[in-house]
2 protein chains.
Amino acid sequence: MENIFTDEYFMKKALHEAEIAFEKGEIPVGAVVVIDNRVIARSHNLTELLNDVTAHAEMQAITAAANFLGGKYLKDCTLYVTLEPCQMCAGALYWSQVSKVVFGAGDDHRGYRKMGAQLHPKTIVVNGVMENECAALMKTFFQKRR
Amino acid sequence: MENIFTDEYFMKKALHEAEIAFEKGEIPVGAVVVIDNRVIARSHNLTELLNDVTAHAEMQAITAAANFLGGKYLKDCTLYVTLEPCQMCAGALYWSQVSKVVFGAGDDHRGYRKMGAQLHPKTIVVNGVMENECAALMKTFFQKRR
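Every chain is numbered on its own, with residues counted from 1 as its sequence reads. Key to labels: chains lettered from A, ligands numbered from 1, both in the order written. Predicted model: local features are reported for residues with pLDDT of at least 70 only, side-chain atom pairs are reported and counted for 80 or more only, and whole-chain, interface and lining totals are derived from all residues. Side-chain numbers come from the whole structure's heavy atoms, not from hydrogens or water.

1. A short note on the overall build of chain A
Thinking step 1. Each helix is a run of DSSP H or I of at least 4 residues and each strand a run of E of at least 2, with the numbering of both proceeding from the N terminus. Helix and strand counts for chain A stand at 5 helices and 5 strands.
Thinking step 2. The linear arrangement of helices and strands in chain A, starting from the amino end, is α-β-β-α-β-α-β-α-β-α.
Thinking step 3. Dimensions of chain A, computed from the C-alpha atoms along their principal axes, are close to 40 × 35 × 25 Å.
Thinking step 4. Residue burial in chain A is summarised as follows: out of 146 residues, 53% are buried.
Thinking step 5. Of the contacts made within chain A by residues no fewer than 6 positions apart, 56% connect residues no fewer than 24 positions apart.
Thinking step 6. Counting only carbon and sulfur atoms, one obtains 49% of the accessible surface of chain A, whose full area is about 7000 Å². Between buried and exposed lies partly exposed: a residue is buried under 20% and exposed over 50% of the maximum accessible area for its type, with that area taken using a 1.4 Å probe on protein chains only. In this analysis, two residues are considered to be in contact whenever any of their non-hydrogen atoms come within 4.5 Å of each other. Only the protein chains shown count as cover for residues, with accessible areas throughout obtained via the Shrake-Rupley method and a probe of 1.4 Å.

Structure follows, in structure tokens:
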């Protein structure tokens, strides 16, 4: 039997979160945290609604997942996020020691790679999963805002 | 008359926050946010108590200051912190567009400068304010923990 729990499967859930952000007028970024093929945290960007630059999808997902697990480290967890993390979120992911990070669209301006920040050396990174869909949602958002 | 509102004056308040963290068994880092010589946010590291790697002093101070101001940008604010920010906190400070960051002790291992992360190009950075006192508190904490 084919494994349905692919990276695409979980990225779709992150993209669904991004769509909720879009509908709220937030920059459409969504994230989920998964352990043993189970989603234990889901979140989307809320910087406008909360008036808080730290309220990125990833930050909320890290806090929620740690809360669920009862410990602050996200070993054996995978974080799926529709956009490449910024240096703040990469720094938080670094501290969390998350096992794997999967992101959809790259961010050539404010992504952690461009800014010079680092994920944990033990964290596996996969990028480009559902890249077109994730990037298209961002593009539509910024076109509408102009 | 001499201006009492020096960087040392406000760093002492951040150091007081760090001492509270110390007493709670947290890595002793404290922060305050100041606007027009008025402290509008104070916080200390709570990663252990909250089981949350994102609960650094600076992150809480940024959220609290934005809440106080009713807007997410910290223009015209200065953040005082006893230890050099990590890449997560530097990234959050970047997004906040804070006017000035003053830190006490440097962090040669996980500080944002070593890790390659960046503050906002418009942010003024001052370091080494009450460096010895800030570093001594950290040293005592880690000696006790061994």
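Picking up where we left off.
2. A word on empty space enclosed by the protein
Thinking step 1. The way it works is a 1 Å grid over only the protein atoms, where trapped points that fit a 1.4 Å probe form a cavity and open points with protein on both sides within 12 Å along at least five of seven lines form a pocket, and then any residue with an atom within 4 Å of a point lines it. Grid points are joined across faces, edges and corners, and a volume is the space filled by probe spheres set on the points. A full pass over the atoms with the stated rule returns 1 cavity of 30 Å³ or more.
Thinking step 2. In this structure, the largest cavity spans a volume of roughly 30 Å³.
Thinking step 3. Lining the largest cavity are G91(A), Y94(A), W95(A), C86(B), Q87(B), R110(B) and M115(B).
Thinking step 4. With 3 residues, the top contributor of residues to the lining of the largest cavity is helix α3 (residues 87-96) of chain A.
Thinking step 5. In the scheme used here, Gly and all other residues not listed as nonpolar or charged are polar, with Ala, Val, Leu, Ile, Met, Phe, Trp, Tyr, Cys and Pro taken as nonpolar and Asp, Glu, Lys and Arg as charged. Residue classes in the lining of the largest cavity are distributed as 4 nonpolar, 2 polar and 1 charged.

3. With respect to the sheet that holds strand β2 (residues 38-44) of chain B
Residues and elements named next belong to chain B.
Thinking step 1. Strand pairing follows a simple DSSP-based rule, namely that at least 2 bridges must link the two strands. Strand order in this open sheet of 5 strands is β2-β1-β3-β4-β5, and the pairing throughout is mixed. The sheet is open, and its two borders are formed by β2 and β5 (124-127), each paired with just one other strand. Neighbour-to-neighbour, the strand axes of this sheet turn through a mean angle of 15°, independent of strand direction.
Thinking step 2. To get an axis, fit a line to the C-alpha atoms, keeping to the stretch in contact for a helix; angles then go from 0 to 180 degrees between the N-to-C directions. The strands touched by helix α5 (residues 131-145) are β3 (78-83) and β4 (100-105); relative to β4, the strand with the most contacts, the crossing angle is about 60°.

4. A look at the pattern of salt bridges
Residue and element names in this part refer to chain B.
Thinking step 1. The salt bridge criterion pairs a side-chain nitrogen of Lys or Arg with a carboxyl oxygen of Asp or Glu, the two atoms within 4 Å. Applying the stated criterion across every chain yields a total of 6 salt bridges over all chains.
Thinking step 2. Across the pair R113 and E84 runs a salt bridge, and its minimum N-O distance is 2.9 Å. Here the residue R113 occupies a position in helix α4 (residues 112-115), and E84 occupies one in the loop between β3 and α3 (87-96), the gap between them amounting to 29 residues.

5. Re the UniProt feature "domain: CMP/dCMP-type deaminase" (unreviewed entry) in chain A
Thinking step 1. UniProt positions are given in the numbering used here, feature names are shortened, and annotations may be inferred rather than shown by experiment. With numbering aligned to this structure, UniProt lists the feature "domain: CMP/dCMP-type deaminase" (unreviewed entry) at residues 5-119 of chain A.
Thinking step 2. Segment residues 5-119 of chain A splits into 38% helix and 22% strand. End C-alpha atoms: 24 Å apart.

6. Points about the UniProt feature "active site" (unreviewed entry) in chain A
Residues and elements named next belong to chain A.
Thinking step 1. When the UniProt feature table is mapped onto this chain, "active site" (unreviewed entry) is found at E58.
Thinking step 2. If you trace the backbone, E58 turns up in helix α2 (residues 57-69).
Thinking step 3. Since its relative accessible area comes to 3%, E58 is described here as buried.

7. Points about the packing of aromatic side chains
Residues and elements named next belong to chain A.
Thinking step 1. In this scheme Phe, Tyr and Trp rings, the latter by its six-membered ring, pair at centre separations within 6.5 Å, and the angle between planes marks the pair as stacked below 30 degrees, edge-to-face above 60, and tilted otherwise. The final tally for this structure, using the stated rule, is 14 aromatic pairs over all chains.
Thinking step 2. What links up through ring pairs into an aromatic cluster is the set F5, Y9, F10 and Y80.
Thinking step 3. Any Lys NZ or Arg CZ found within 6 Å of a ring centre and within 35 degrees of that ring's normal is scored as a charge over the ring. In this arrangement the basic side chain of K75 is found over the ring face of Y73, its NZ or CZ atom lying 5.7 Å from the centre.

8. Structural notes on the interface of chain A and chain B
Where the parts come together, the accessible area they lose is often given as the size of the interface.
Thinking step 1. Across the boundary between the two partners, chain A contributes 27 residues, which contact 27 residues of chain B.
Thinking step 2. Here the buried area means the combined drop in accessible surface, using a 1.4 Å probe, for two parts upon being joined, counting both sides. Between chain A and chain B the total buried area reaches about 2400 Å² when both faces are included, carbon and sulfur atoms providing 59% of it.
Thinking step 3. Looking at the side of chain A facing chain B, the largest losses of area belong to V53(A), K72(A) and W95(A), adding up to 28% of the total buried there.
Thinking step 4. Taken together, chain A and chain B are joined by 2 salt bridges.
Thinking step 5. Here E48(B) ties to K72(A) by a salt bridge, and the two come within 2.7 Å at their closest N and O atoms.
Thinking step 6. Each polar contact in these results corresponds to two N or O atoms within 3.5 Å; when the atoms are within protein, one needs to be able to donate a hydrogen and the other to accept it, and residues that are neighboring in sequence are counted only if both atoms are side-chain atoms. Applying the counting criterion to the chain A and chain B interface returns 14 residue pairs in polar contact (both at pLDDT 80 or more).
Thinking step 7. At the level of secondary structure, the elements contributing two or more residues to the side of chain A that touches chain B comprise α2 and α3 of chain A.
Thinking step 8. Considering every element that reaches the side of chain A that touches chain B, the biggest residue donor is α3(A), with 7 residues.
Thinking step 9. Here the side of chain A that touches chain B is built from residues that sort into 11 nonpolar, 12 polar and 4 charged.

9. What to know about the relation of the copies chain A and chain B
Thinking step 1. Least-squares fitting of chain A to chain B yields an RMSD of 0.0 Å, with the superposition described by an axial translation of 0.0 Å and a rotation of 180°. The symmetry that links the two subunits is that of a two-fold axis. Of the C-alpha atoms belonging to chain A, the one lying closest to the rotation axis is found on M88(A), 1.9 Å away.
Thinking step 2. When you check the interface residues of chain A against chain B, 100% turn up at the interface there too, and the contact is symmetric in its surfaces. The atoms used to superpose the copies are C-alpha atoms, taken from residues with pLDDT of at least 70 in both, and the fit is least squares.

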